[in-house]
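Given next are the chains, with one letter for each unit.
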Amino acid sequence: MLRIVLAGAELDGFAIDAPASSVRMLIPPVGADEIVMPEWTGNQFELPNGDRAPIRTFTPRYFDEQRLELTLDIVLHDHGAASDWARNAEVHDEVAISGPGRSETLDPEATSHLLAGDESAIPAIGQLLEAIPTDHTMEVHVEISGPDARIELPEHGGADVNWLVADPDSSPGDAMVAAVVALDDLPDAVWVAGEAAAVQRLRKHLFDERGRSRSSVTARGYWKHGRSAT
Ligand SMILES: Cc1cc2nc3c(=O)[nH]c(=O)nc-3n(C[C@H](O)[C@H](O)[C@H](O)COP(=O)(O)OP(=O)(O)OC[C@H]3O[C@@H](n4cnc5c(N)ncnc54)[C@H](O)[C@@H]3O)c2cc1C
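Below or above, wherever it landed, is the structure these notes cover. If you're wondering where the values come from, they're calculated on a predicted model, not measured in any experiment.

Some points on the layout of surface pockets
Quantified by volume, the largest pocket comes out at close to 1,700 Å³. Lining of the largest pocket is provided by 48 residues; of these, His77, Ser120, Tyr222, Trp223 and Lys224 occupy positions nearest its centre. Of all the secondary-structure elements, those providing two or more residues to the lining of the largest pocket are strand 5 (55-58), strand 7 (69-74), helix 1 (81-88), strand 10 (137-144) and strand 13 (217-223). Per element, the largest residue contribution to the lining of the largest pocket is 4 residues, and it comes from strand 13. Taken domain by domain, the lining of the largest pocket gets at least three of its residues from each of domain 1 (2-101) and domain 2 (112-223). Roughly 580 Å³ of volume is contained in the second largest pocket. Lining the second largest pocket are 20 residues, with Leu6, Ala7, Asp93, Glu94 and Val95 sitting closest to its centre. Top element by residues in the lining of the second largest pocket is strand 1 (residues 2-7). It accounts for 4 residues. For the lining of the second largest pocket, the class distribution of residues is 12 nonpolar, 4 polar and 4 charged.

Re the environment of leucine 153
Mapped onto the elements, leucine 153 comes out in the loop between strand 10 and strand 11 (159-165). A residue is classified by how much of its surface remains accessible, and leucine 153, at 14% relative accessible area, is buried. Each C-alpha atom of the pair leucine 153 and glycine 126 lies 5.8 Å from the other, and the pair is 27 residues apart in sequence. Aside from chain neighbours lying at most four places away, what touches leucine 153 is Ile122, Gly126, Leu129, Val161 and Trp163.

Focus on the pairing of strand 2 (residues 23-26)
Alignment of strand 2 against strand 5, held across 4 bridges, turns out to be antiparallel. Each residue of the ladder has a partner; that of methionine 25, found in strand 5, is arginine 56. Across 3 bridges, the pairing between strand 2 and strand 8 (residues 96-98) is antiparallel. Across the sheet, leucine 26 pairs through a bridge with alanine 96, a residue of strand 8.

Comments concerning the site of the ligand
What surrounds the ligand is a group of 24 residues, the closest being Arg56, Thr57, Ala82, Lys224 and Ala229. Between the ligand and alanine 229 there is a distance of 2.7 Å, counted from an oxygen atom to a backbone nitrogen or oxygen. Burial of the ligand by the protein amounts to 87% of the accessible area it has alone, namely 910 Å². In this structure the site holding the ligand corresponds to the largest pocket. Counting only elements with at least two residues in the shell around the ligand, the list comes to strand 5, strand 7, helix 1 and strand 13. When the residues that make up the shell around the ligand are grouped by side-chain class, the tally is 9 nonpolar, 11 polar and 4 charged. Two domains each provide a minimum of three residues to the shell around the ligand, namely domain 1 (2-101) and domain 2 (112-223).

Describing the sheet that holds strand 7
As a general point, the strands of a sheet are linked pairwise by backbone hydrogen bonds and lie either parallel or antiparallel. Strands sit in the order 1-7-6 across an open sheet of 3 strands; the sheet is antiparallel. Strands with a single pairing partner mark the edges of an open sheet, and in this sheet they are strand 1 and strand 6 (62-64). With strand direction ignored, the average angle separating the axes of adjacent strands in the sheet is 20 degrees. In this sheet, strand 7 lies alongside strand 6 in antiparallel orientation, the contact comprising 3 bridges. Within the sheet, the bridge partner assigned to tyrosine 62 lies in strand 7 and is threonine 71.

Describing the nonpolar core
Formed by 18 residues in total, the largest nonpolar core has its most connected members in Leu115, Ile125, Val140, Val142 and Trp191. Listing elements by their share of this core, those giving two or more residues are helix 2 (122-131), strand 10 and strand 12 (189-195). Residue contributions to this core peak at 5 residues, all from helix 2. Beyond its immediate stretch of four places on either side in the chain, valine 142 contacts Gly117, Asp118, Ile122, Ile125, Asn162, Trp163 and Leu164. Core analysis: the next-biggest nonpolar cluster, separate from the first, contains 17 residues, Phe58, Leu70, Leu72 and Ala86 among them.

Rules of the game
- Residues numbered from 1 in each chain as written.
- Predicted model: local features only at pLDDT ≥ 70, side-chain atom pairs only at ≥ 80, totals over all residues.
- Heavy atoms only, no water.
- 1 Å grid on protein atoms, 1.4 Å probe; cavity = no way out; pocket = protein on both sides within 12 Å on 5 of 7 lines; lining within 4 Å.
- Points joined across faces, edges and corners; volume = space filled by probe spheres on them.
- Helix = DSSP H or I, 4+ residues; strand = E, 2+ residues; numbered from the N terminus.
- Domains from an automatic or database assignment.
- Nonpolar A, V, L, I, M, F, W, Y, C, P; charged D, E, K, R; others polar.
- Buried < 20%, exposed > 50% of the residue type's maximum accessible area, 1.4 Å probe, protein only.
- Contact = heavy atoms within 4.5 Å.
- Pairing = 2+ DSSP bridges.
- Near = heavy atom within 4 Å.
- Polar contact = N/O pair within 3.5 Å; in protein donor to acceptor, adjacent residues only side chain to side chain.
- Areas by Shrake-Rupley, 256 points an atom, 1.4 Å probe, with all protein chains shown as cover.
- Sits in = over half its atoms within 2 Å of the grid points.
- Axes fitted to C-alpha atoms, helices over the stretch in contact; angles between N-to-C directions.
- Core = buried A, V, L, I, M, F, W, Y, C linked by side-chain atoms within 4.5 Å.

Taken by themselves, the reported measurements are silent on function.
So this is what it looks like as structure tokens:
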């Protein structure tokens with residue numbers, strides 16, 4: 001995970017009103033010295049050379065209104081436009097962002113919460129830990145690729161945080177899915193995010209096997225194993 005701080009007068013008016021919202025980032029090619037803006041063709045954002053523009057989604061982790069600084073925490077995985085860009089980014093490099101987009105509305109009735117996610121969900125989980133009242137209880141399961149991927153999460157008096165180191169031979173999300181399936185009792189509200197197929201397995205488990213109501217579960221596929229985001 002690499003922390004990237006974006007700054008600029010263009011961020012004036014940006015605001016994070018609720019946890020787990022998103023921004024879309026147009027990724028410039030590594031080494032490019034200027035941003036080329038794409039055009040919407042009716043079905044995709046296209047660059048002047050006809051290529052689909054690499055646009056990726058991230059959680060706006062913090063926004064400093066005074067300094068106009070937006071912090072993103074980006075997972076450095078094997079390869080990918082965003083991951084490669086972040087790995088090679090230098091001070092004063094430029095990117096374009098839009099947003100913020102949809103955020104989570106917390107169920108006002110829920111007083112116990114389950115949060116489960118992989119590394120891509122750590123920024124959103126951090127925001128949820130900050131947003132959920134401290135007299136609520138929270139069970140948190142975070143699947144990480146190795147012990148080094150563990151980062152400091154915000155303190156929450158009612159949270160029990162479990163770091164699950166993934167078996168390198170397993171499919172993404174296996175450890176997170178197993179942790180949720182193993183729970184005897186589920187909290188009032190469930191929030192899960194991470195690799196899309198794993199999230200889909202959890203959705204199925206929660207609705208079909210646990211009989212959870214749609215309104216008590218938020219399940220978001222953040223990325224697809226073996227496929228670039230579009
Ligand atoms: C609402 C929302 C919020 C998100 N917030 C964050 C965030 O704060 N931080 C963050 O890092 N990601 C976040 N993501 C996920 C991020 O958008 C994807 O991981 C994205 O695919 C990364 O783009 P890329 O160009 O690096 O890789 P891509 O070009 O999309 O993919 C290239 C290859 O890498 C694999 N891949 C993609 N992402 C991952 C990953 N995380 N781990 C392992 N392999 C991967 C793909 O399966 C593919 O094989 C969020 C997604 C959503 C929808």
